[in-house]
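What the coordinates show
Residue strings, one per chain:
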Number of protein chains: 2
Amino acid sequence: MADSKVSPTPLLKDELDIVIPTIRNLDFLEMWRPFFQPYHLIIVQDGDPSKVIKVPEGFDYELYNRNDINRILGPKASCISFKDSACRCFGYMVSKKKYIYTIDDDCFVAKDPSGKNINALEQHIKNLLTPSTPNFFNTLYDPYREGADFVRGYPFSLREGVATAVSHGLWLNIPDYDAPTQLVKPLERNTRYVDAVLTIPKSTLFPMCGMNLAFDRELIGPAMYFGLMGDGQPIGRYDDMWAGWCMKVICDHLGFGVKTGLPYIWHSKASNPFVNLKKEYKGIYWQEELIPFFQAVKLPKECTTVQECYIELSKQVKAKLAGVDEYFDKLADAMVTWIEAWDELNPSDSKAADLPNGASK
Amino acid sequence: MADSKVSPTPLLKDELDIVIPTIRNLDFLEMWRPFFQPYHLIIVQDGDPSKVIKVPEGFDYELYNRNDINRILGPKASCISFKDSACRCFGYMVSKKKYIYTIDDDCFVAKDPSGKNINALEQHIKNLLTPSTPNFFNTLYDPYREGADFVRGYPFSLREGVATAVSHGLWLNIPDYDAPTQLVKPLERNTRYVDAVLTIPKSTLFPMCGMNLAFDRELIGPAMYFGLMGDGQPIGRYDDMWAGWCMKVICDHLGFGVKTGLPYIWHSKASNPFVNLKKEYKGIYWQEELIPFFQAVKLPKECTTVQECYIELSKQVKAKLAGVDEYFDKLADAMVTWIEAWDELNPSDSKAADLPNGASK
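Owing to the predicted nature of the structure, the values given are computational and were not obtained by experimental measurement. (Residues numbered from 1 in each chain as written. Chains lettered and ligands numbered in written order. Predicted model: local features only at pLDDT ≥ 70, side-chain atom pairs only at ≥ 80, totals over all residues. Heavy atoms only, no water.)

What follows covers the interface of chain B and chain A. Every contact between the two is made by 60 residues of chain B and, on the other side, 60 residues of chain A. Interface area, chain B with chain A, both sides summed: about 5,000 Å², of which 56% is carbon and sulfur. Seen at the junction of chain B and chain A, the total is ten salt bridges. A salt bridge links Arg 152 of chain A to Asp 240 of chain B, with the nearest nitrogen and oxygen atoms 2.7 Å apart. Scanning the region where chain B abuts chain A turns up 28 residue pairs in polar contact (both at pLDDT 80 or more). Contributing elements (two or more residues each) for the side of chain B that touches chain A: strand 6 (164-173), helix 5 (179-184), helix 7 (239-254), strand 9 (257-267) and helix 8 (273-296) of chain B. Among the elements that take part in the side of chain B that touches chain A, helix 8 of chain B stands out by supplying six residues, more than any other. Of the residues in the side of chain B that touches chain A, the class split is 30 nonpolar, 13 polar and 17 charged. (Contact = heavy atoms within 4.5 Å. Buried area = accessible area lost by both parts, 1.4 Å probe. Salt bridge = Lys/Arg side-chain N within 4 Å of Asp/Glu carboxyl O. Polar contact = N/O pair within 3.5 Å; in protein donor to acceptor, adjacent residues only side chain to side chain. Helix = DSSP H or I, 4+ residues; strand = E, 2+ residues; numbered from the N terminus. Nonpolar A, V, L, I, M, F, W, Y, C, P; charged D, E, K, R; others polar.)

Rendered as C-alpha cells:
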C-alpha cells in the first residue's frame, strides 16, 4: 500500500525488525505508519492464543502466539515468559535481521519542542550507526551528532569510539516510574525534552527500559533475554532491568557501547500502580542484592562471544544469587535454555538460515 | 549600591565567592550585575601587576595581583601559575567561603530557549545543594530536579545520593574545543541547549573546563589546583583538565559527586587556535599517558582527607609520570607546595582565620 508520507529512503529498511509484544489490536500503529510501514514487524502475541490480534492494513508482519512459541521451541519454550511483555524477547530470537527496535503498544509518536513529530526509529538508527564513547565522558554529549564534537581535553586516541550495541530511548508524558513512585507522585508527567544522546560510561549500570529500545542483534542479541516474568513467576516488571544489567556487563567486557537519551516516544497511559506494586515488591528488595552482584561481576578473558559471556554469567547467577531466592536458580537455568534456543534458531554458520516453521503471516 | 534588578534573596550570599582571573578591565561584569552583585568577588589579576584593573562600581571585591601573591605565599608562590588563567586557583586558596564559583571574563549571560537570561550562578547552587548519584545512572538525568525522579529499577538504597562537590557548567556559542578541532571547524558554534544536569558516574573521567565552574570548597577545595601553566612552563590550557582529573579520582575515593550540564554561559570569543596549538601540543600527547594513569590511580583507604589524597596523588605522579617528562617531577613538587600553602592559609582548626595581610580592596 503506497503511503505518500512514508520516508522515501528509510534507513536500514532490510536490516531491521520492529518487535512488538501485545495482547490487543495494534491500532497504535496507525500513528506510526509514516515511520514504521517500510519495516518488517515481528508481533509477539501474549496471553490467550485464540484471540485474534488485528494489525492495521499495509504493514508487513509476522505474528507469533503462545502456540507458535511452544511449537517452535518445544521444551525450550519454558524460557519465554507468559502473560508478561517479557515474551518480546522471543521476537529477537526469531528475527534474522541485524538490528531490532522494540516498542510497547501504548507508546505513541511524540513531538519535539518545535512541534514536529519525532521519528523515533530514525534517531535510534543514528545512535546505533555512530560509535559510543564509554571510556571517557564528553561534556557536550554525543560527539558524533551534528553540531557537536569532542571537547578540549578529550584524548585523541579515544575519539574513534567503540561500536554501539544498544540505543535506549526515553518517554515524554508518563515517566517510567516504579510502583512506589507512581503511588507517591500520581500526577507527575515528564515534560522535559532533553536534546541529548550520551554513552553510559563503562562499568556504570543503569535501568534499561524496554518500552523504546533498539539494539544491534548481531553484536549483543543473545544477551537481550528478558528473563522469567509473569505467569507462574514471583516477579514482574524487572524483565527489561534484568536484560539491561546482563547486557551492560557483557558490553563492558566485550568493548561495546550503550547510548541513552533521544529519541522520545509519547507514553500514553500509566499502568496500575497497585498491580505494579504486587509485581514489583520482591524485585525491589532483591534488587538491593542484584546490583552489588552485577557491579562486581568479572567475566574471564576467555569469554569472547556474547553466548560465552552469557553462559558464564548464568553460572555466577546460580552460584551467587540462588541464596537470595530459589527463583534465581530457576532463572540461571532459563538463561542457559535461552542461549541453547538462540543458537538453535541462529546457527552461527548460517546467517541466512530459514525462518522456523510455523511462523504465521 | 541598590539595584532593583538584584534578586531579593540571593542563595548562599555569605557562603560563596566568585573567583575571576583576568588581565583586563572587568566590563563583562555589567551584564552579570543582577546575578553577581550580591556576592563577594575575588579577582586574581594575571600578568603585569602595575596595570590597573577597573571593576564596575557597586561590586564588593578583593583583588590580588602577582605582587600580592608573592607577598602572601612567599617562596610557595612558585606553585601559582603566571601569565595563565591557572592563577585563578590562588583565589580558591584565599577564600574563606564554603562555595566557589569561577568564571572567565569572556563569558556572558546566555539565554534559555524561551529567551530568558540564565542565572548561571543560581543553577550551580542548585546543583551543589542537591545530591549526586555517581553509583548508578538515572536515565531521566538529575533525579532531584523539579519534575524528575528516579526511574523504575533504580535501587532504593542509592536514592539518597552523595554530597555534590563540583558543578560543571557548559557554554553556548563558542564551544570549548582544542586547537586542532578549532582549526578544523573554525565556524562551529554550540547552539544546542540541553536541558539536563547529570552526575558523572564513579570511575569515569571527563574534561573539566574552568570557564564556568562551581564547587564546594570545604569538600574538595584543596584538589582544585590548576597546576603549572603559562610563563616558564612547557604547556598551557591543561590547567583545568589537570584539576579535573585529580579532583575526580579524589571525589571517587572519598564518595563525593560531580555534576555536569546546566547552566550555560555565552562564550563570546574563540581564543587564537595557533597560539592554543603551541600551548597544547605537548599536552595533547602527554595526555595519552596521563589518562591511563588517572584511570588506574588507587588511593589507599588511609587517605581520608582531600589533602591526604592529594599528597598521595603527588607521589604517584612523581613515581609514574616523571618518566613522561621532567615537567611532571616539577608539577608533583608544586602539588605538595600547593597543599602546604593551602593549609597555611586555611588552618584546619580555625575556619574563621583572618584574611592574609596584603589583600587589597
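Continuing now.
Next up on the list: the pattern of salt bridges. Close approach of charged atoms allows side chains of opposite charge to pair. All told, the structure shown has 42 salt bridges over all chains when counted by the stated rule. The partner of Glu 30 of chain B in a salt bridge is Arg 33 of chain B, and the shortest N-O contact between them spans 3.0 Å. Linking Glu 30 of chain B with Arg 33 of chain B, this pair stays in helix 1 (residues 29-36), spanning three residues, or about one helical turn. Looking at Glu 30 of chain B, the relative accessible area reads 42%, which means it is partly exposed. Each member of the salt-bridge network shares a partner with another, and the members are Lys 98, Asp 216 and Glu 218 of chain A. (Buried < 20%, exposed > 50% of the residue type's maximum accessible area, 1.4 Å probe, protein only.)

On to helix 9 (residues 306-321) of chain B. Look at helix 9 of chain B: 21 Å from first C-alpha to last across 16 residues, which is about the 22 Å you get at 1.5 Å a residue. Structurally, helix 9 of chain B contributes buried residues whose contacts are with helix 6 (217-220), helix 7, helix 8 and helix 10 (326-345) of chain B. (Expected span 1.5 Å × (residues − 1).)

The next subject is the UniProt feature "site: Required for activity" (unreviewed entry) in chain A. Within the UniProt annotation, "site: Required for activity" (unreviewed entry) is assigned to Arg 152 and Arg 159 of chain A. For Arg 152 of chain A, the position within the fold is in the loop between helix 4 (120-129) and strand 6 (164-173). Taking relative accessible area as the criterion, Arg 152 of chain A reaches 5% and is therefore assigned buried. Leave out the neighbours within four places in its chain, and Arg 152 of chain A touches Asp 176, Tyr 177, Asp 178, Pro 207, Cys 209, Arg 237, Asp 240, Met 241 and Glu 280 of chain B. Following the sequence through the fold, Arg 159 of chain A ends up in the loop between helix 4 and strand 6. With residues up to four places along the chain from it excluded, the contact list for Arg 159 of chain A reads Tyr 144, Phe 150, Val 151 and Tyr 154 of chain A together with Asp 178 and Thr 181 of chain B. (UniProt positions renumbered as here; feature names shortened; annotations may be inferred.)

Right, let's get into the state of the cysteines. Using the criterion set out here, one finds zero disulfides over all chains in the structure. The structure places no disulfide on Cys 309 of chain A, whose sulfur is separated from the nearest cysteine sulfur, that of Cys 303 of chain A, by 5.0 Å. (Disulfide = S-S within 2.5 Å.)

With that settled, consider the relation of the copies chain B and chain A. Least-squares fitting of chain B to chain A yields an RMSD of 0.0 Å, with the transformation described by 0.0 Å of translation along the axis and a rotation of 180°. Here the symmetry operator amounts to a two-fold rotation axis. Nearest to the rotation axis, the C-alpha of Val 194 of chain B is located 2.8 Å from it, this being the minimum over chain B. In this assembly the copies share their binding face: 100% of the residues contributing to the interface of chain B also contribute to that of chain A. (Least-squares fit on C-alpha atoms with pLDDT ≥ 70 in both.)

What follows concerns the packing of helix 7 (residues 239-254) of chain A against helix 9 (residues 306-321) of chain A. All names here are of chain A. Between helix 7 and helix 9, the shortest axis-to-axis distance is 10 Å and the interhelical angle comes to 125°. For the element pair helix 7 / helix 9, the angle class is oblique. The crossing of helix 7 and helix 9 is right-handed. Along its contact with helix 7, which presents Trp 242, Cys 246, Val 249, Ile 250, His 253 and Leu 254, the element helix 9 presents Val 306, Cys 309, Tyr 310, Leu 313, Val 317 and Leu 321. Its residues assigned to classes, the contact of helix 7 with helix 9 comprises eleven nonpolar, one polar and no charged. (Axes fitted to C-alpha atoms, helices over the stretch in contact; angles between N-to-C directions. Parallel < 35°, antiparallel > 145°, perpendicular 65-115°, else oblique. Left-handed = near helix turned anticlockwise from the far one by under 90°.)

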